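# Commentary on secondary and tertiary structure
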Amino acid sequence: MKHVYQRLHNKGLVLKNTKMIKGAHAGYIYRVTAESEYGRQYSFVYKEFAKGRENEIEIMEMASHYISPFSKMNEIWNDSPPAILMEDLGRPVKTTFSNATLPEKELTIKRIVERLAELHSLETSHIDKRFPIHRITAESLEWCSDQLSKLHFHVKWADTKWIKDIKYAYERLGLIDYIAQCPLVFTHGDPHLENIFYHDKQMWFIDWEWAAMSSPLRDFTIMLQDLYDPYLIDYADTYYTEQLRKNNLTLDMESYQQDFYHFYIDHTTMMIAWEVEKYFQGLHSEEEIKKILLFKVSEISRALNNLMKRNL
Ligand SMILES: Nc1ncnc2c1ncn2[C@@H]1O[C@H](COP(=O)(O)OP(=O)(O)O)[C@@H](O)[C@H]1O
Ligand SMILES: [Mg+2]
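Note that residues are indexed from 1 along each chain, following the sequence as it is written. Here the convention is simple: chains get letters from A, ligands get numbers from 1, in the order in which they are written. With the structure being a predicted model, the display of local features is reserved for residues of pLDDT at least 70 and the display and counting of side-chain atom pairs for 80 or more, all residues being used for whole-chain, interface and lining totals. Only hydrogens and water are removed before side-chain values are computed, so all heavy atoms of the structure are retained for them.

### Points about the domain arrangement of the protein chain
- Either an automatic procedure or a domain database provided the assignment from which the domain bounds are taken. For the protein chain, the assigned domains read domain 1 (3–87) and domain 2 (94–310).
- Summarising the inter-unit geometry, the C-alpha centres of domain 1 and domain 2 are found 28 Å apart.
- The contact criterion used is simple: two residues touch if any of their non-hydrogen atoms lie within 4.5 Å. Between domain 1 and domain 2, the residue contacts involve 18 residues of the former and 23 residues of the latter.
- Interface area lost by domain 1 to domain 2 is led by M62, Y66 and F70, which between them contribute 44%.
- Salt bridges are defined as contacts in which a side-chain nitrogen from Lys or Arg sits within 4 Å of a carboxyl oxygen from Asp or Glu. Taken together, the links from domain 1 to domain 2 amount to 3 salt bridges.
- The salt bridge involving D200 is made with K72; its shortest N-O contact spans 3.8 Å. Defined in terms of a 1.4 Å probe, buried area is the accessible area two parts forfeit on being brought together, summed over both.

Below, the structure is given as structure tokens:
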């Protein structure tokens, strides 16, 4: 943290105030206010990475040309300690989403989906050869099984059948090492609603640590994880396909559906694990985690059934 004063000074700014943004982060995140010599005030977010967690910096350096139109990045330092400086985008979409009205939610979804479709339609033939390619692995399933087993010791309602059902879905679909059927595009990798901000009449993405080439359905099905309403999931899906077409990304609809269900199940499994973690960390009440899990487990069954029907 001591470096931020000098780093801002080198940009001709005087540090005025810092406040830590608390949470389980990949490093230390501060809200920082600064002033230029002409008295102009700035509000930034400064993210300093913990050792071994500086992947986001490498991604930024490899793909800044792709990322900058979607993030309000101001500066990247790759010397020690690695850090980034972004414009302060206010509060993530997630903070207001669950209490918003249905028309407000629809509007938010439209805006996010428009930006995602824009990102996914970028021409990437010249992308850095070292830029990662994402594949589904066994990681989500293993983490989810562990978390649900732990949860089972804490609360009676956590059903051991859930683990069996999820494992069955992975086996039935050959999810581990599934090969995406859609063409690979530039994906953000973690666009849940805490990583998305509405600012200056536009949606912005932060937290590019997991950016990689993948199916566009990778991002889309992560975004869906914060929508606890089948109507909104369907609404987002219709609008997303429309926007891909508008951006001239024409996908074969069967490939789209296959990727949709495969990635949706893998991400729902990962989110079950993560939400249980949040419950253990005291960030969800028992009532909240129960509601979340019942919905997500039923979504996995719904997706599996829909896919099996398609593949008959
Ligand atoms: N540019 C920003 N503007 C406003 N808040 C931010 C900004 N960057 C990060 N934050 C806050 O810090 C949180 C964590 O930042 P993020 O980069 O997503 O780190 P992590 O990798 O730990 O998820 C965000 O969810 C948000 O609340
Ligand atoms: Mg984040």
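### Comments concerning the site of ligand 1
- Being near a molecule or strand, for a residue, means having at least one of its heavy atoms within 4 Å of it. Surrounding ligand 1, one finds 18 residues, the nearest of these being K47, E87, L89, N195 and D207.
- Nitrogen and oxygen atoms within 3.5 Å of one another constitute a polar contact, given that in protein one can donate a hydrogen and the other can accept it, and given that sequence-neighbouring residues count only through two side-chain atoms. Between ligand 1 and N195 there is a distance of 2.9 Å, counted from an oxygen atom to a side-chain nitrogen or oxygen.
- Note on areas: Shrake-Rupley, 1.4 Å probe, and residue coverage restricted to the protein chains presented here. When the free accessible area of ligand 1 is taken as 550 Å², the share hidden by the protein chains comes to 89%.
- In the shell around ligand 1, the residues fall into 9 nonpolar, 3 polar and 6 charged. Nonpolar residues are Ala, Val, Leu, Ile, Met, Phe, Trp, Tyr, Cys and Pro. Charged residues are Asp, Glu, Lys and Arg, and all others, Gly as well, are polar.

### Points about the side chain of E106
- In this text, helices come from DSSP runs of H or I with a minimum length of four residues, and strands from runs of E with a minimum of two, each type numbered from the N-terminal end. Within the element layout of this structure, E106 appears in helix 4 (residues 102–120).
- Exposure categories follow from relative accessible area, calculated using a 1.4 Å probe and restricted to protein chains: below 20% of the type maximum is buried, above 50% is exposed, and the middle band is partly exposed. Counted as positive: Lys and Arg. Counted as negative: Asp and Glu, with His and the chain ends omitted from the count. Of the side chains bearing the opposite charge, K110 lies closest to the buried E106, which forms no salt bridge; the N-O distance is 7.3 Å.
- Within the local environment of E106, its side chain forms a polar contact with the side chain of Y231, the two groups lying 2.6 Å apart.
- If we skip the residues at most four places from it in the chain, E106 touches Y231, L232 and Y235.

### Looking at the side chain of E275
- Mapped onto the secondary structure, E275 falls in helix 9 (residues 253–280).
- On the accessibility criterion, E275 (1% relative accessible area) is buried.

### Considering the UniProt feature "domain: Aminoglycoside phosphotransferase" (unreviewed entry) in the protein chain
- UniProt feature "domain: Aminoglycoside phosphotransferase" (unreviewed entry): in the numbering of this structure it lies at residues 82–240.
- In the segment residues 82–240, helix accounts for 45% and strand for 12%; the C-alpha atoms at its two ends are 35 Å apart. UniProt positions are given in the numbering used here, feature names are shortened, and annotations may be inferred rather than shown by experiment.

### Things to note about the coordination of the magnesium ion (ligand 2)
- Atoms are scored as donors when they are N, O or S and lie within 2.8 Å of the metal, with 3.2 Å used for Na, K and Ca; no water is included, so coordination may look incomplete. Surrounding the magnesium ion (ligand 2) are the protein donor atoms N195 (OD1) and D207 (OD), which sit 2.2 to 2.3 Å from the metal. One end of the pair, N195, is in the loop between strand 6 (185–187) and strand 7 (196–199); the other, D207, is in the loop between strand 8 (202–205) and strand 9 (212–214), and 12 residues separate them in sequence.
- Relative accessible area serves as the criterion here: at 4%, N195 is assigned to the buried category.
- Relative accessible area serves as the criterion here: at 16%, D207 is assigned to the buried category.

### Considerations on the layout of surface pockets
- In this analysis, the protein atoms alone were mapped onto a 1 Å grid. Cavities are point sets where a 1.4 Å probe fits without being able to get out; pockets are open sets with protein on both sides within 12 Å along at least five of seven lines; lining residues have an atom within 4 Å of a point. Grid points are joined across faces, edges and corners, and a volume is the space filled by probe spheres set on the points. By volume, the second largest pocket amounts to about 620 Å³.
- In terms of lining, the second largest pocket is formed by 20 residues, of which the most central are K94, S98, D226, Y228 and I292.
- Elements supplying a minimum of two residues to the lining of the second largest pocket: helix 3 (94–97), helix 9 and helix 10 (286–310).
- Of the residues forming the lining of the second largest pocket, the biggest block, 5 residues, is contributed by helix 10.
- Residue composition of the lining of the second largest pocket, by class: 8 nonpolar, 2 polar and 10 charged.

### Let's talk about the pairing of strand 5 (residues 83–87)
- A large share of strand 5 lies buried, amounting to 4 of its 5 residues.
- A pair of strands is treated as paired once DSSP finds two or more bridges between them. Bridge analysis of strand 3 (residues 41–49) against strand 5 gives 5 bridges, and the strand direction is antiparallel. What sits directly across from F44, in strand 5, is E87.
- As paired elements, strand 4 (residues 73–77) and strand 5 share 4 bridges and run antiparallel to each other. In the strand pairing of strand 5, I76 is matched with I84.
- With antiparallel pairing between neighbouring strands as the criterion, strand 4 and strand 5 make up a hairpin whose turn holds 5 residues.

### Some thoughts on the packing of helix 7 (residues 216–223) against helix 9
- The N-to-C vectors of helix 7 and helix 9 enclose an angle of 50°; their axes lie 8 Å apart at closest approach. Our classification of the angle between helix 7 and helix 9 gives oblique. For helix 7 against helix 9, the interelement crossing comes out right-handed. Across the interface between the two elements, L217, R218, F220, T221 and I222 of helix 7 pack against Y256, D259, F260, F263, Y264 and H267 of helix 9.
- By residue class, the composition of the contact of helix 7 with helix 9 is 7 nonpolar, 2 polar and 2 charged. Note on geometry: axes are C-alpha line fits, over the in-contact stretch for helices, and angles between N-to-C directions span 0 to 180 degrees. Here roughly perpendicular refers to angles of 65 to 115 degrees, roughly parallel to angles under 35, roughly antiparallel to angles over 145, and oblique to all remaining angles. By convention, the crossing between two helices is left-handed when the near helix turns anticlockwise from the far helix through less than a right angle, and right-handed when the turn is clockwise.

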